[in-house]
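Analysis of the macromolecular model
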Amino acid sequence: MAADPFGCFDALRRHGNVVRSELYGGFYTIVGYAAVSEATRDGRTFSSEVAVDGTGCPVAGREGYGGTRLPSAAARSGFIDTDGPRHLHYRRLLLPWLTPRAMQKWEPEITKLAAEAVESVRPSGSAEIVNDLASPVSAAIVMDIIGMPRSLGQQFSEALHHLIGAPPDSPERTAAERLFGAVLVDVSAAIIERYEAPSGEDLISFFCRASGPDGTRLTPDDVIEQMRLFLAGGLDTTASLITNTLIWLAGHPEQADRLRNEPELWPLATEEFLRFTTPVLGLARTVDADTVLDGVELTAGDRLLLSFGAANHDPAEFDTPEEVILDRFPNRHLTFGVGAHRCIGSNMARSVFQGVMPVILANCLDIRVDLDRAVRYPSVSVSNGWLSVPMTFTPAPEPVVPPPYSWRSETNPSDASQEAPR
């Protein structure tokens, strides 16, 4: 599936919109847009919960509730693996940090960081997209938000890429987990230190002061769990979006020129690249009550993989879904999901993408990528990303910093096309 995930989805679609697999103890892949949308909206029937108690042990009678990942998770990865009041509580804590207004104040810094990253490679006419261009900006902004050194962000990003890309139960995954854990130790140490006197204005300090769903103060372990989710969600996904977009533009230079000459296209083009590339291809759910989805009977305890990538390429919803149409509208893609679990970081993703991409295109002309030397994630199940992608280009004669064009414009129709988080 790593080479062509969307081709795999099309092959599955020929067998229906709800397709059974016996891997990982058995699960259903949902590939139809309408079915994915229905299941994603219905959090009561289709649970995101990892059912563990306060000690981390499975809750009796709900042992199969494995959260949002396949294979099933044995421990929660933050509030994404919860439902109901607990999920809503943590979401409300984090949401003010990621609203459009909150992200707007970061845009000058995003543009500045993008210009610095591009200028570090512009004179040479070559770059490695993932680590030179796609990751540094989001890594720096995420670290600024949580109040950690920027240098740690790139280390964390590289560790995360290898962790996500390694197949389960492989030596590569074991090594990646060790590297990821070593970086996480620094974040955990900062959380424990700040917990004693959380006076800062950063996100870690805010969570160290916050109360949990039961009204008592969050423990250091609670804060570590939520920060780990924030780091993972903020680093890999936007890097994958930028990388896959540059790969596509390298093969369609006339469309890259169009974006250079018509920057007003960026709001709609952003939504189209989100749809076409789908950085997070899918997330899992557990059926919480017997139900029927697209004519298929499902039993409580069944596991599902909701394929956002397949839904975003469903010809029943999108005309010519395998074609990138920069000004496609409407564009009700499911890249960020819908309903209660809609991606809380969508505003950050858009802000970083639209801050980075115009700077790259203005300074890097005639972009060429070497896919023969590129390294994709060896196993693509959820994350549609790359470990490395070599790129060459004709450098602009002088550094160029194009004026920002905000996707939050009151006249931007792409805002209205996306369902607001609930």
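Everything below is about the structure shown above.
Basis of the calculations
- Starting afresh in each chain, residues are numbered from 1 along the sequence in its written order.
- Reporting of local features is limited, given that this is a predicted model, to residues whose pLDDT is at least 70; pairs of side-chain atoms are given and counted only at 80 or more, and all residues count toward the totals for whole chains, interfaces and linings.
- Computation of side-chain values covers all heavy atoms of the structure but excludes hydrogens and water.
- Strands qualify as paired when DSSP identifies two bridges or more between them.
- Secondary structure elements are defined from DSSP: runs of H or I of at least 4 residues count as helices, runs of E of at least 2 residues count as strands, and each element is numbered from the N terminus.
- Any pair of residues with heavy atoms lying within 4.5 Å of one another is described as a contacting pair.
- Fitted lines through C-alpha atoms serve as axes, helices being fitted only where they are in contact, and the angles separating the N-to-C directions of these axes extend from 0 to 180 degrees.
- Among buried residues, those of type Ala, Val, Leu, Ile, Met, Phe, Trp, Tyr and Cys that are joined through side-chain atoms within 4.5 Å constitute a nonpolar core.
- Note on classification: 1.4 Å probe, protein chains only; a residue is buried when its accessible area is under 20% of the maximum for its type, exposed when over 50%, partly exposed between these limits.
- For Phe, Tyr and Trp, where Trp contributes only its six-membered ring, two rings pair if their centres lie within 6.5 Å, and the inter-plane angle classes them as stacked under 30 degrees, edge-to-face over 60, or tilted in between.
- Criterion for a charge above a ring: Arg CZ or Lys NZ at most 6 Å from the ring centre, at most 35 degrees from the ring normal.
- Within 3.5 Å is the distance limit for a polar contact, defined as a pair of N or O atoms, with the added protein rule that one can donate a hydrogen and the other accept it, and that residues adjacent in sequence qualify only through two side-chain atoms.

**Some words on the sheet that holds strand β1 (residues 18-21)**
Pairing is mixed in the open sheet, where five strands are placed in the order β1-β2-β8-β5-β3. Unpaired on one side and paired on the other, β1 and β3 (46-47) mark the two borders of the sheet. Bridge analysis of strand β5 (residues 282-287) against strand β8 (residues 303-307) gives five bridges, and the strand direction is antiparallel. From the neighbouring strand, A284 faces β8, where its bridge partner is L305. Contacts from helix α2 (residues 33-41) reach β2 (27-30), β3, β5 and β8 within the one sheet, and its direction differs from that of β8 by about 120 degrees.

**Focus: the nonpolar core**
Of all hydrophobic cores here, the largest spans 88 residues; its most connected members are I146, F207, F230, L259, F273, M357 and I360. The element best represented in this core is helix α11 (residues 220-251), accounting for 15 residues. In terms of nonpolar packing, the next biggest core, distinct from the first, is built from 21 residues, V287, L293, L304 and L334 among them.

**Brief notes about the packing of aromatic side chains**
Under the counting rule described, the total for this entry stands at nine aromatic pairs. Seen in terms of ring centroids, W248 and F273 are 5.8 Å apart; in terms of plane orientation they differ by 65 degrees. Their pairing is edge-to-face. Taken together, the residues span a long stretch of sequence, with W248 in helix α11 and F273 in helix α13 (residues 266-277) at a distance of 25 residues. Each residue in the set W248, W266, F273 and F353 is aromatic and connected to the rest through ring pairs, giving one cluster. In this structure, R217 is placed above the aromatic ring of Y195, and the distance from its NZ or CZ to the ring centre is 3.7 Å.

**A word on the sheet that holds strand β4 (residues 126-128)**
The antiparallel open sheet is built from three strands, whose spatial order is β4-β12-β9. Two strands close off the open sheet at either side, each with one partner strand: β4 and β9 (364-369). Sheet twist, expressed as the average angle between the axes of neighbouring strands with direction ignored, equals 25 degrees. Two strands pair when backbone bridges link them, and β4 and strand β12 (residues 390-395) are joined in this way by three bridges, in the antiparallel orientation. The residue bridging A127 from the neighbouring strand is M391, located in β12.

**Considerations on the side chain of T270**
Structurally, the position occupied by T270 is in helix α13. The class for T270 is buried, based on a relative accessible area of 0%. Here Q354 takes part through its side chain, which lies 2.9 Å from a polar atom of the side chain of T270. The contacts of T270, once residues within four sequence positions are left out, are R350, F353 and Q354.

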